[in-house]
Amino acid sequence: MTTYAALLRGINVGGSRKVPMADLRALLENLGHEGVRTYLQSGQAVFTAAHGDEDSLAAELTRAIEDRFGFGVDVIVRDHAYLEAVAADCPFPAAELQARQLHATYLSEPVGAERFAGIDQAAFLPEEFRLGDRVLYLYAPNGLGRSKLAEHLARPRLTKGVIATTRNWNTVAKLVELTGPAAR
């Protein structure tokens, strides 16, 4: 059995695409997963699975959500080891920053630096970003809502063909905790 986190993109924001967390938990349990828990209302679920891999589990959950709620939701599924590595490999001093200043944008597949080569990072300072393994780390000292760099990074030409969903550092750390051995 492996413990995973499912990251749902763009649900329960702005009054649309509502997925109640109790319904999401029931849906995951009906798919045969165990130890199902949700975190916040913004689309994080933790579960253990005896079968599948990250991609097949994400596809299965995507289909089930569409069948149950009638709309598509992009889903990324990652295991504990990956989530732990994202936190450990952060190129910014996470322990010294407020959680609202640091974000991880989880990506459905690896992307190369060439995708972002046209961005003049100096023009956005003090905001910065760095790429990792299927993750983009974003330092936004005034928060994500005021970040010009985050707005630029979300442009369709940069995200084309990739599911991208962003979490603040509190959520990054909590997902590591919830998927870890002590939480089982």
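Our structure is the block above this text.
Here's a quick rundown of the structure. (Residues numbered from 1 in each chain as written. Predicted model: local features only at pLDDT ≥ 70, side-chain atom pairs only at ≥ 80, totals over all residues. Heavy atoms only, no water.)

1. Describing the pattern of salt bridges
Test applied: Whenever a carboxyl oxygen of Asp or Glu lies within 4 Å of a side-chain nitrogen of Lys or Arg, that contact is scored as a salt bridge. Here a helix means four or more residues in a row that DSSP labels H or I, a strand means two or more in a row labelled E, and each is numbered from the N terminus. Here's how the labels work: a residue is buried when its accessible area is under 20% of the maximum for its type, exposed when over 50%, partly exposed in between, all with a 1.4 Å probe on protein chains only.
Applying the stated rule across the entire model yields 7 salt bridges. The salt bridge involving Arg-134 is made with Glu-54; its shortest N-O contact spans 3.3 Å. With Arg-134 in the loop between strand E6 (128-132) and strand E7 (135-139) and Glu-54 in helix H2 (residues 54-69), this pair connects stretches of sequence that are 80 residues apart. Accessibility classification places Arg-134 together with Glu-54 in one group, the buried group. In this structure, Lys-174 engages Glu-177 in a salt bridge whose closest nitrogen and oxygen atoms are separated by 3.2 Å. Of this pair, Lys-174 and Glu-177 both sit in helix H6 (residues 169-179), 3 residues apart, which is roughly one turn of the helix.

2. What about the sheet that holds strand E1 (residues 2-8)?
What links the strands of a sheet is backbone hydrogen bonding, and the strands pair in either a parallel or an antiparallel sense. The condition that has to hold: Pairing between two strands requires that DSSP report at least two bridges joining them. The convention used is that axes are lines fitted to C-alpha atoms, helices contributing only their stretch in contact, and that angles between N-to-C directions extend from 0 to 180 degrees.
Reading across the sheet, the 4 strands line up as E2-E3-E1-E4 and stay open at both edges, with antiparallel pairing between neighbours. A strand with exactly one partner marks an edge of an open sheet, and here the two such strands are strand E2 (34-39) and strand E4 (75-79). Between one strand axis and the next, the sheet turns by 20° as a mean value, whatever way the strands run. Note that E1 and E4 share 5 bridges and pair antiparallel.

3. A short note on unusual backbone geometry
For the bond from Leu-125 to Pro-126, the omega torsion is 15°, close enough to zero to count as cis. As for its position among the elements, Pro-126 is in the loop between strand E5 (102-107) and E6. A positive phi angle, close to 55°, is found at Arg-134, a residue other than glycine. Owing to a relative accessible area of 18%, Arg-134 belongs among the buried residues under this scheme.

4. A look at the pairing of E6
In summary, the side chains of a regular strand alternate between the two faces of the sheet. Sheet topology note: the E6/E7 ladder contains 5 bridges and is antiparallel. Across the sheet, Gly-132 pairs through a bridge with Val-135, a residue of E7. The turn linking E6 back onto E7 is made up of 2 residues, and Arg-134 within it adopts a positive phi angle of 55°.

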